[in-house]
Amino acid sequence: MHTDFASRADFMKWRSLEESNPGLDSRPLHAILTERKELIAKYVSTETQAIHAQAVAELKGRLLVSNILRAGAKAPAFDLSDHDGKTVSSSDLLAKGKIVLCFIRGRWCPFCVTQMEAMNLVVPQLEQAEATLVAVSPQTVKQSFFMHDQHKLRFPLLSDARNKIARKFGLTYRVPGLQEAVYRRAFVNLPFTNGDESWELPIPATYIIGGNGTVLSASANEDYTERPEPADILRILEQHPA
């Protein structure tokens, strides 16, 4: 019982620190993520850290990334509800140009939040490159609305119920039992957040899809603490101007 309370208190203290100044950090994303990991090392118990590390190691051992949809493949079509409950279709987005498609875990994940805030800062450059940014997660429309509003995001958050689209991209996995227990102690209630009992998540991934629907670039990592740099995404878009 003492361990449960300690891990919960550590988690909440860390979260309050890392959310103290949302959306205003213009440093490179890798620098911000490094700082987040340093906060975890300081405020989260070593036992909890070990469980998360084990979960990542198990995913890497399954070679999950080797099975994801790759560059050159045709991207699966989608019609998903955004944070306002409006339907967003890939066909409509592709009619405007390229798509930058980010798969994230949800608003409860500080690394997802950090990535989304960093991507939010480059929305004007993405638009100049004729690309539309959208983020996809298994969380409900209501949770996406809260995330969009809290972090003042300037792009759609799409709800992928039961990870149907993420599964087509080869990204889904079931949260391991020990990690599920940690999340439950820290009030990360995925059945409530996602609206189903599966405890499934996508590994974080970023796809750049050309106007013809072909995947131009695919970046995925079983380690949810690592995300692609927005500047690198912009460089790839510059290499594919059409």
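About the thresholds
- Residues numbered from 1 in each chain as written.
- Predicted model: local features only at pLDDT ≥ 70, side-chain atom pairs only at ≥ 80, totals over all residues.
- Heavy atoms only, no water.
- pLDDT = per-residue confidence, 0-100.
- Contact = heavy atoms within 4.5 Å.
- Helix = DSSP H or I, 4+ residues; strand = E, 2+ residues; numbered from the N terminus.
- Polar contact = N/O pair within 3.5 Å; in protein donor to acceptor, adjacent residues only side chain to side chain.
- Core = buried A, V, L, I, M, F, W, Y, C linked by side-chain atoms within 4.5 Å.
- Buried < 20%, exposed > 50% of the residue type's maximum accessible area, 1.4 Å probe, protein only.
- Axes fitted to C-alpha atoms, helices over the stretch in contact; angles between N-to-C directions.
- Parallel < 35°, antiparallel > 145°, perpendicular 65-115°, else oblique.
- Left-handed = near helix turned anticlockwise from the far one by under 90°.
- Nonpolar A, V, L, I, M, F, W, Y, C, P; charged D, E, K, R; others polar.
- Phe/Tyr/Trp six-rings, centres within 6.5 Å; stacked < 30°, edge-to-face > 60°.
- Pairing = 2+ DSSP bridges.
- Salt bridge = Lys/Arg side-chain N within 4 Å of Asp/Glu carboxyl O.

(A) Here's a closer look at the confidence of the model for the protein. This prediction gives the protein a mean pLDDT of 91; 90% of its residues lie at or above 70. Low pLDDT, under 50, characterises residues 1–20; the predicted model gives this stretch 29 contacts beyond four residues in sequence or across chains.

(B) Layout of the environment of Glu-226. If you trace the backbone, Glu-226 turns up in the loop between strand E9 (215–220) and helix H11 (230–239). Sequence separation of Glu-226 and Leu-33 is 193 residues, and the distance between their C-alpha atoms is 7.4 Å. Discounting residues that sit within four places of it in the chain, Glu-226 has contacts with Leu-33, Lys-37 and Asn-221. Engagement of the side chain of Glu-226 in a polar contact is seen with the side chain of Lys-37, the distance being 2.5 Å.

(C) Expanded view of the side chain of Ser-137. Checked against the element boundaries, Ser-137 lands in strand E4 (residues 131–137). Excluding residues that lie within four positions of it along the chain, Ser-137 makes contacts with Ile-104, Arg-105, Gly-106, Ser-144, Leu-158, Ser-159 and Asp-160.

(D) Representation of the nonpolar core. By size, the foremost hydrophobic cluster in this structure holds 65 residues, and its most contacted members are Val-100, Leu-101, Phe-103, Leu-171 and Tyr-207. The element best represented in this core is helix H5 (residues 110–120), accounting for 6 residues. With near-sequence residues (within four places) excluded, Leu-171 lies in contact with Leu-64, Ile-68, Phe-103, Ala-166, Leu-201, Pro-202, Ile-203, Ala-205, Tyr-207 and Ala-220.

(E) Structural view of the packing of helix H2 (residues 29–43) against H5. In the contact formed by H2 and H5, the axes pass within 10 Å of each other and the chain directions differ by 160 degrees. Considering their axes alone, H2 and H5 lie roughly antiparallel with respect to each other. Like other packed secondary-structure pairs, H2 and H5 cross with a definite hand, here right-handed. Every residue of H5 that contacts H2 at Leu-29, Ile-32, Leu-33, Arg-36, Lys-37 and Ile-40 is listed here: Phe-111, Thr-114, Gln-115 and Ala-118. When its residues are assigned to classes, the contact of H2 with H5 shows 6 nonpolar, 2 polar and 2 charged.

(F) Layout of the packing of aromatic side chains. In the structure shown here, the tally under the stated rule is 6 aromatic pairs. On the basis of an interplanar angle of 55 degrees and a centroid distance of 5.0 Å, the ring pair of Phe-103 and Phe-169 is categorised as tilted. Here the residue Phe-103 occupies a position in strand E3 (residues 98–103), and Phe-169 occupies one in the loop between helix H8 (164–168) and strand E6 (172–174), the gap between them amounting to 66 residues. Taken as a pair, Phe-103 and Phe-169 share a single burial class, namely buried. When the centroid spacing of 5.1 Å and the interplanar angle of 65 degrees are considered together, the rings of Trp-108 and Tyr-183 count as edge-to-face. Of the two residues, Trp-108 sits in the loop between E3 and H5 while Tyr-183 sits in helix H9 (residues 177–185), which places them 75 residues apart along the sequence.

(G) The arrangement of the pairing of E3 in detail. For E3, the tally of buried residues reaches 6 of 6 residues, placing the bulk of the element in the interior. Two strands pair when backbone bridges link them, and E3 and E4 are joined in this way by 6 bridges, in the parallel orientation. In the sheet register, Lys-98 faces E4, and the bridge partner there is Ala-131. In terms of strand pairing, E3 meets strand E8 (residues 205–209) through 5 bridges, oriented antiparallel. Each residue of the ladder has a partner; that of Ile-99, found in E8, is Ile-209.

(H) Molecular detail of the pattern of salt bridges. Summed over the entire model, instances satisfying the criterion amount to 9 salt bridges. With a closest N to O distance of 2.2 Å, Arg-167 and Glu-200 form a salt bridge. Taken together, the positions of Arg-167 in helix H8 and Glu-200 in strand E7 (residues 200–202) put the pair 33 residues apart, joining distant regions of the chain. Where salt bridges share partners, they join Asp-25, Arg-27, Glu-35 and Arg-36 into one cluster.

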